Amino acid sequence: MAEIFRSTILARALRPLPLAFALGWATFGGFTGAMLRSHPALDPVTAMYVLVAFMGLIGLDVENGGLHLILTRRITRNQYLAGRLLAAFCLCFVFCLFRFAVTCGITAWAGPGRFPPTSELLAVLIAWLGASAWQLGVLFFCSTFLPGRLDSFVYWLLLVANALVAGLGEMLDKPWLTALTDWIGDQLLNPLEIWAFDATTGWGLVRFASNLTVVVLAGVLIFHRRQFSYAAG
Amino acid sequence: MGAETAIRVNGVHKTYGGLLARRKKALLGIDLEVGQGEVFGLIGPNGAGKTTLMGCLLGLLRPDIGTIEVAGRAPDDLWVRERTGYLPERLGFDRGLTGRQFLELHARLAGVPTRQVPEAIEDVRQRSDLAAEAMKRRLKSYSRGMLQRIALAQALLREPAFLFLDEPTSGMDPTGVALVRRHLHDAKARGATVVLNSHHLTEVERVCDRVAFVRGGRVERLETLSGQASARQAWCVRVPGPQQERACVALLAAGFAVSSNDGLLRIEGGAVEAVGPALVGAGVTLIELRPIGAQLEQLFFAEKNGESGG
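Residues numbered from 1 in each chain as written. Chains lettered and ligands numbered in written order. Predicted model: local features only at pLDDT ≥ 70, side-chain atom pairs only at ≥ 80, totals over all residues.

1. Quick look at the overall build of chain A
Okay, so step 1: For chain A, the helix and strand inventory stands at 10 helices and zero strands.
Okay, so step 2: Mapped from its N terminus to its C terminus, chain A presents α and β elements in the order α-α-α-α-α-α-α-α-α-α.
Okay, so step 3: By the burial criterion, 35% of the 233 residues in chain A qualify as buried.
Okay, so step 4: Restricting to contacts in chain A with at least 6 residues of sequence separation, those with at least 24 account for 77%. (Helix = DSSP H or I, 4+ residues; strand = E, 2+ residues; numbered from the N terminus. Buried ≥ 20, exposed ≤ 12 C-beta atoms within 10 Å, placed from the backbone. Contact = placed C-beta atoms within 7 Å.)

Below, the structure is given as C-alpha cells:
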C-alpha cells in the first residue's frame, strides 16, 4: 500500500505541472477565502482542485493498463484502493492547510482589526476539508467504474446540470423543481452543516460521515466486482 | 508432461458482456496442465481466447465456471503473486514516470527489500540491455522497443517462479528478440514455469516445450514440440540426379512420404534422424537436407484450416 501511496503523491503532486497548479490555485484560493470569509456548500476553489488534480484517480490506471501490472504484484485490491485514496486525502489536506495559511496571512496583513474570530476561521478550514473529502469520495466512487478521466467530467456535469435545472425552476416559478434540485444538490455536495454548534452539530457530522462512508464503500464494492483484462474490450 | 504440475486449468468457461453488452463466449471449457519448469506456448488466431486465458491465469479475470490453480493456490493468492512476473501485450504504464521510478515502483511492489532495490534495478536493467541513461528519461520518450525492454525488466524482477509473457517480442528488433529468447532459456534453466502467448511461431517453436492451439475458446490441440510436431515437419532433400530414384526408394522404405520436384525431394512424416542412415545405407550421397518452413507454422495452419492431423 505504501508504494501506491508514494506513487500517487509523486504523480499527483510532485511533478512540475501538478505542483504549480496546486500552489498557484491554493494561493489564489487563499485570497478568495480572505475575501469571502464564508463556507459555502460548494466551495469552487476546493472543488476545482479536487476535480482537476485527482481526475481519473483509478480510471486512468484501468484505461492505460497500468492496473493490470499492479494487480499481478503482491498487493490486494483493497491495499491498492487505500493507497490511492489516502494519498489523495493527504494531498487535499495539505492543499487546504496551505490555502488556509495564505488566507490567514492575507487577513492579518489587511489589518489586525479585520481578523475574524478563531471559531469562524476554524469553521472555514473544516468546511474546506469536508468539501474536499466529500468531492474526493465521489470522484473515487465514479472512478471505480468510469474509464479514464470521465469521473471528474461526470461529477462536473451533474453539478452544472443541477444548477441549470434549478435556475430553470426559479425562472418558470416551479417550486417543486426548485425543491427537487435543492435535494439533488444536497446529495451531490453533502454540505458539512455543523456551524450552529448546538444539538444539530452532531447530527450534521453523522450525516456527512455516513454519506462519505457509503460512497467510498460503494466504490470499493464496485472495484472488487470488476474484472480487468484488455481482452474484455 | 511428466514434471510436477505448476498450473492446472480445469473446465474454465468465460463469457464477456451482460445486460447491456452483447454476450461473447471467450473460453468454452479450457483444460490444461503446465508442468513445473516447463515453457508452455499459447498459439492461435486472433480472438481465440489466449489473452482471456492469460487474464484468468493471472487472476485478473474470474472464470464463470471452472477452476485455476497455480502451485495449488488461487492465481490471485499473494503467495503466487510474489512469485509471478508478467509482461503484458499492451504496454500502458504511467508514461510520466522515469524508467528508474517505474522499476522502483515494481521492485517495491514485488517485495524487493528497500535496501536491495537499486541493486535489483541495475541487475534487470543490464539484463534487458537498457542504457543507464534511459533510466533517467520519462517513459513517454521511450520507443516501442525500449518500452518492451523495460516491461521485460520489470517482469524479471526477483526472478519469478511463474513468468507470463504476452507477445514479448512485439515491436522488438532482432537483438531484442534474441534477448527475450535468452531470458526464456535462463528462466527455464532456473526451473521457472513460463507461459508464452505469441504470434511469432518460429520463436515459440525455438523456446517452448509444449504448445496449446487455442481456437474459438477451446484448446484444439496440445503439441509437444520435437515430438509430433517434428513428425509433421517437411524437409527438402538434395541428392545427385542419377541417385534420386534410389534415394526415393530408401526414404519410402524408412517411412517417409516422398515427392519429387525440380530435382529436389520433399519428404515428411518420419523422424529426420532416419534420413542420413537410410540414404547412406542405399549408397546415396546426401548433398543437402533442410526444413521447409517452420514445423509449428505448418501445424498452425493445419489446425486453423481444421485438419485433425492426429
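Having seen it, we continue.
2. Examining the overall build of chain B
Okay, so step 1: When you go through chain B residue by residue, the secondary structure sums to 11 helices and 13 strands.
Okay, so step 2: Here chain B holds 310 residues, and the buried ones make up 44% of them.
Okay, so step 3: Considering only contacts in chain B between residues 6 or more positions apart, those separated by 24 or more positions represent 70%.

3. Regarding the interface of chain A and chain B
By convention, interface size is frequently given as the accessible area that disappears when the constituent parts associate.
Okay, so step 1: Facing the 22 residues of chain A at the interface are 26 residues of chain B.
Okay, so step 2: The leading source of residues in the side of chain A that touches chain B is helix α5 (residues 66-70) of chain A, at four residues.
Okay, so step 3: Here the residues of the side of chain A that touches chain B are counted per class, giving nine nonpolar, nine polar and four charged. (Nonpolar A, V, L, I, M, F, W, Y, C, P; charged D, E, K, R; others polar.)

4. Comments concerning the nonpolar core
Okay, so step 1: Grouped together as the largest cluster of nonpolar side chains are 119 residues, with contacts concentrated most on A:Leu139, B:Leu57, B:Phe164, B:Val194 and B:Leu196.
Okay, so step 2: Excluding anything up to four places from it in sequence, B:Phe164 contacts B:Met54, B:Leu57, B:Leu58, B:Thr84, B:Tyr86 and B:Val195. (Core = buried A, V, L, I, M, F, W, Y, C linked by C-beta atoms within 7 Å.)

5. Observations concerning the packing of helix α7 (residues 118-143) of chain A against helix α8 (residues 150-171) of chain A
All names here are of chain A.
Okay, so step 1: Where α7 contacts α8, the axes come no closer than 8 Å and their chain directions differ by 120°. The angle between the axes of α7 and α8 places the two elements in the oblique class. Crossing of α7 over α8 shows right-handed handedness. Counting all contacts with α7, which are made through Val138, Leu139, Cys142 and Ser143, the residues of α8 involved are Asp151, Ser152, Val154 and Tyr155. (Axes fitted to C-alpha atoms, helices over the stretch in contact; angles between N-to-C directions. Parallel < 35°, antiparallel > 145°, perpendicular 65-115°, else oblique. Left-handed = near helix turned anticlockwise from the far one by under 90°.)

6. A few points about the sheet that holds strand β8 (residues 210-215) of chain B
Strand pairing in a sheet relies on backbone hydrogen bonds, with the paired strands running either antiparallel or parallel.
Residue and element names in this part refer to chain B.
Okay, so step 1: With respect to topology, six strands assemble into an open sheet ordered β5-β6-β7-β3-β8-β9, the strand pairing being mixed. The strands lining the two open edges of the sheet, one partner per strand, are β5 (84-87) and β9 (218-224). Across this sheet, the average inter-strand angle for adjacent strands is 15°, counted without regard to direction. (Pairing = 2+ DSSP bridges.)

7. Details of α8(A)
Residue and element names in this part refer to chain A.
Okay, so step 1: Taking 1.5 Å of rise per residue, the 22 residues of α8 would be expected to cover 32 Å, and the 31 Å separating its terminal C-alpha atoms lies within 8% of that figure.
Okay, so step 2: Every buried residue of α8 is listed here: Asp151, Ser152 and Tyr155. In an axial view of α8, the angular spread of the buried residues amounts to 115°, which keeps them on one side of the axis. Turned more than 90 degrees from where α8 packs its buried face, Leu157, Val160, Leu164 and Met171 sit exposed.
Okay, so step 3: Where α8 is buried, its residues meet α3 (44-53), α4 (59-64) and α7.
Okay, so step 4: Positive phi shows up at aspartate 173, right after α8, with a value of about 60°. (Expected span 1.5 Å × (residues − 1). Arc of directions from axis to C-beta.)

8. A word on the sheet that holds strand β4 (residues 65-70) of chain B
Residues and elements named next belong to chain B.
Okay, so step 1: Spatial ordering of the open sheet is given by β2-β1-β4, a layout of three strands whose pairing is antiparallel. Strands with a single pairing partner mark the edges of an open sheet, and in this sheet they are β2 (24-35) and β4. Neighbouring strand axes in the sheet, compared pairwise and without regard to direction, differ in orientation by 15° on average.
Okay, so step 2: Strand direction decides the pairing type here: strand β1 (residues 5-16) and β2, joined by nine bridges, are antiparallel. Bridge pairing in β2 places isoleucine 7 opposite valine 34.

9. Regarding the pairing of strand β3 (residues 39-43) of chain B
All names here are of chain B.
Okay, so step 1: In terms of burial, β3 is a largely internal element, five of the five residues being buried.
Okay, so step 2: With burial as the criterion, each face of β3 is covered, one bearing Val39, Gly41 and Ile43 and the other bearing Phe40 and Leu42.
Okay, so step 3: Pairing geometry for β3 and strand β7 (residues 193-197), over four bridges, is parallel. Bridge pairing links phenylalanine 40 to valine 195 in β7.
Okay, so step 4: The pairing of β3 with β8 spans four bridges and is parallel. Across the sheet, the residue bridging to isoleucine 43 is phenylalanine 213, located in β8.

10. Focus: the packing of α3(A) against α7(A)
All names here are of chain A.
Okay, so step 1: Running from amino to carboxyl end, α3 crosses α7 at an angle of 35°, the nearest separation of the two axes being 9 Å. Where α3 crosses over α7, the handedness of that crossing is right-handed. In contact with Thr46, Ala47, Val50 and Leu51 of α3, α7 contributes Trp128, Ala131, Ser132, Gln135, Leu136 and Leu139.
Okay, so step 2: The residue makeup of the contact of α3 with α7, split by class, is seven nonpolar, three polar and no charged.

11. Some words on unusual backbone geometry
Residues and elements named next belong to chain B.
Okay, so step 1: Phi is positive for aspartate 129, close to 55°, though the residue is something other than glycine.
Okay, so step 2: Inspection of the secondary structure puts aspartate 129 in the loop between α4 (117-127) and α5 (144-156).
Okay, so step 3: By C-beta crowding, aspartate 129 is classed as partly exposed, having 15 other C-beta atoms within 10 Å.
Okay, so step 4: Positive phi outside glycine occurs at glutamate 167, with the angle close to 50°.

12. Looking at the environment of A:Leu71
Okay, so step 1: The topology assignment puts A:Leu71 in the loop between α5 and α6 (77-110).
Okay, so step 2: The spatial distance from the C-alpha of A:Leu71 to the C-alpha of A:Phe228 is 9.1 Å, given a sequence separation of 157 residues.

13. Quick word on the confidence of the model for chain B
As a general rule, the predicted coordinates of low-pLDDT regions are not to be interpreted in detail.
All names here are of chain B.
Okay, so step 1: For chain B, per-residue confidence averages 83 on the pLDDT scale, and 89% of positions sit at 70 or higher.
Okay, so step 2: Element-level pLDDT for chain B is lowest in helix α8 (residues 228-232), with a mean of 51, against a maximum mean of 92 in β7.
Okay, so step 3: Confidence metrics for the complex model read pTM 0.79 and ipTM 0.78. (pLDDT = per-residue confidence, 0-100.)

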